[in-house]
Amino acid sequence: RAHAESRGLKLNEYGIFIGSERVNVQDENAFYHALGMAYIPPELRENTGEIEAAIGYRLPVLVEPGDLKGIFHVHTIMSDGSDTIEALALRAKDMGMEYLGIADHSASATYANGLTADRVKKQWDEIDAFNDGGYGIHVLKGIESDILGDGSLDYDDTLLAGFDFVIASVHSGFSMSEEDMTMRIVQAVSHPAVTMLGHPTGRLLLGREGYKVDMETVLDACAEHGTVVELNANPHRLDIDWRYLRSVSGRGIPVSINPDSHSADTLSFVFSGVGIARKGWLRKEDVFNTASYDSMREMLKK
């Protein structure tokens with residue numbers, strides 16, 4: 001309303017007026033245009049600078065669901081998921097994806113039937129067999145490795161180096177001090193085998209507060225070591241919180257929108273995650289899994 005007044009207009013619940021004459025607008029785009037502003041997507045309407053950006057026509061072109069080319073962080077029946085690699089991959093293909101990143105739980109996650117080293121190698125054989133089958137989608141070998149209390153990871157470095165990607169996540173010891181938790185996570189994201197940090201605060205919406213952690217320090221470490229930050233799109237988590245996303249992208253850290261899926265039906269969580277990414281002002285180029293399969297292979301090698 002203040003902006004409208006600065007342009008000699010009146011704005012209230014009845015419309016936009018020039019003097020006593022109402023300005024006719026047909027839709028929201030026309031509404032913003034009449035005020036001399038760019039259209040503000042609904043996800044951005046939080047009074048976090050979008051009004052000023054719209055007045056200056058500086059709003060980002062936000063990521064769209066169709067920009068996603070692949071899905072990471074998917075659990076199979078080998079740990080605590082309910083579907084096979086083949087079933088998950090074919091569903092991802094039906095969703096238009098080029099690749100699927102399997103990430104079952106690691107050995108210390110006994111509560112989730114975590115994979116021993118021998119079972120990891122058996123899963124790698126299954127993935128190789130699937131990829132040799134010509135199904136039109138590529139499956140990537142990954143793991144969700146527990147970040148242990150001292151910041152180390154499950155498995156030795158030789159086994160870790162065999163994965164296409166590694167997600168490092170905290171699943172225990174939530175009551176640590178902020179300083180200790182921060183250093184624990186910083187050490188993990190600094191490990192050369194770690195591709196991305198999973199659900200960075202460990203929160204469960206309406207169930208559990210996130211653990212105490214200095215997120216800015218963690219993000220600095222991710223930026224320094226080229227570690228991707230997960231936007232966990234599982235509706236029980238939505239973690240990292242959207243309010244941090246501009247701080248993430250502002251550091252040049254890629255964000256991977258991951259469903260943390262435990263079944264083929266929940267792969268679609270990834271599209272809800274796009275809404276959260278948009279709320280955090282993310283563009284296509286800010287999102288890790290908008291890369292094509294060929295580009296992704298090169299990035300994972302790097």
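In what follows, the structure referred to is the one given above.
We now turn to the structure provided with this report.

**Topic: the environment of Asn234**
Inspection of the secondary structure assignment puts Asn234 in the loop between strand 9 (228–232) and helix 9 (245–250). Put simply, Asn234 and Gly8 are 226 residues apart on the chain and 46 Å apart in space, counted from C-alpha to C-alpha. Discounting chain neighbours no more than four positions away, the residues touching Asn234 are Asn258, Pro259, Asp260 and Phe269. Separated by 2.9 Å, the side chain of Asn234 and the backbone nitrogen of His236 make a polar contact.

**Examining the pairing of strand 5 (residues 99–105)**
Regular strands place their side chains on alternate faces of the sheet. Judged by how many residues are buried, strand 5 sits mostly within the fold: 7 of 7 residues are covered. Pairing of strand 4 (residues 70–74) with strand 5, which is carried by 3 bridges, proceeds in the parallel orientation. Across the sheet, residue Val74 finds its bridge partner in strand 5, namely Ile102. Of the crossover connections in this fold, the one passing from strand 4 over helix 4 (residues 85–94) to the parallel strand 5 is right-handed. Bridge count for strand 5 against strand 6 (residues 138–146) is 7 bridges, and the pairing is parallel. Counterpart to Tyr99 in the pairing with strand 6 is His138. Taken together, strand 5, helix 5 (residues 117–131) and strand 6 form a β-α-β motif whose crossover is right-handed.

**A short note on the layout of surface pockets**
By volume, the largest pocket amounts to about 670 Å³. Together, 33 residues line the largest pocket, and Thr195, Gly226, Met299, Leu300 and Lys302 are the ones closest to its centre. The biggest single contributor to the lining of the largest pocket is helix 11 (residues 293–301), with 4 residues. Its residues placed into classes, the lining of the largest pocket shows 17 nonpolar, 9 polar and 7 charged.

**Regarding the sheet that holds strand 9**
Pairing within the open sheet is parallel, and its 7 strands lie in the order 4-5-6-7-8-9-10. Looking at the sheet topology across the chains shown, the edges are occupied by strand 4 and strand 10 (255–258). Bridge count between strand 7 (residues 165–169) and strand 8 (residues 196–197): 2 bridges; the pairing is parallel. What sits directly across from Ala168, in strand 8, is Leu197.

**Here we look at the pairing of strand 9**
Taking burial as the measure, the 5 residues of strand 9 include 5 buried ones, the bulk of the element. The pairing of strand 8 with strand 9 spans 2 bridges and is classified as parallel. Each bridged residue has a counterpart across the sheet, and for Leu197 the counterpart in strand 9 is Val229. Handedness of the β-α-β unit built from strand 8, helix 8 (residues 215–225) and strand 9 comes out right-handed. Read as a crossover between parallel neighbours, the route from strand 9 over helix 9 to strand 10 is right-handed.

**Some words on the environment of Ile16**
Secondary-structure assignment places Ile16 in strand 2 (residues 15–18). Among the residues examined, Ile16 registers a relative accessible area of 3% and is labelled buried. Considered as a pair, Ile16 and Val74 are 58 residues apart in the sequence and their alpha carbons are 49 Å apart. Apart from residues lying up to four places away in sequence, Ile16 is in contact with Leu9, Lys10, Leu11, Glu21, Arg22, Val23, Phe31, Ala34 and Leu35.

**Quick look at the nonpolar core**
Counting residues in each nonpolar core, the largest one holds 62 residues, and the members touching the most others are Leu100, Ile102, Tyr155, Phe163, Ile185, Val218 and Ile257. Apart from the residues lying within four places of it in its own chain, the contact partners of Val218 are Thr182, Ile185, Val186, Leu197 and Val213. Core analysis: the second largest hydrophobic core is formed by 15 residues, Tyr32, Leu35, Leu44 and Leu62 among them.

**Here's the deal with the packing of helix 4 against helix 5**
Contact geometry of helix 4 with helix 5 gives a least axis separation of 11 Å together with a crossing angle of 45°. Classified by the angle their axes make, helix 4 and helix 5 are oblique. Crossing of helix 4 over helix 5 shows right-handed handedness. In this structure, helix 4 contributes Ile85, Glu86, Ala89 and Leu90 to the contact, and helix 5 contributes Gln123, Glu126, Ile127 and Phe130.

Calculation rules
- Residues numbered from 1 in each chain as written.
- Predicted model: local features only at pLDDT ≥ 70, side-chain atom pairs only at ≥ 80, totals over all residues.
- Heavy atoms only, no water.
- Helix = DSSP H or I, 4+ residues; strand = E, 2+ residues; numbered from the N terminus.
- Contact = heavy atoms within 4.5 Å.
- Polar contact = N/O pair within 3.5 Å; in protein donor to acceptor, adjacent residues only side chain to side chain.
- Buried < 20%, exposed > 50% of the residue type's maximum accessible area, 1.4 Å probe, protein only.
- Pairing = 2+ DSSP bridges.
- Right-handed = clockwise from strand over helix to strand, strands pointing away.
- 1 Å grid on protein atoms, 1.4 Å probe; cavity = no way out; pocket = protein on both sides within 12 Å on 5 of 7 lines; lining within 4 Å.
- Points joined across faces, edges and corners; volume = space filled by probe spheres on them.
- Nonpolar A, V, L, I, M, F, W, Y, C, P; charged D, E, K, R; others polar.
- Core = buried A, V, L, I, M, F, W, Y, C linked by side-chain atoms within 4.5 Å.
- Axes fitted to C-alpha atoms, helices over the stretch in contact; angles between N-to-C directions.
- Parallel < 35°, antiparallel > 145°, perpendicular 65-115°, else oblique.
- Left-handed = near helix turned anticlockwise from the far one by under 90°.

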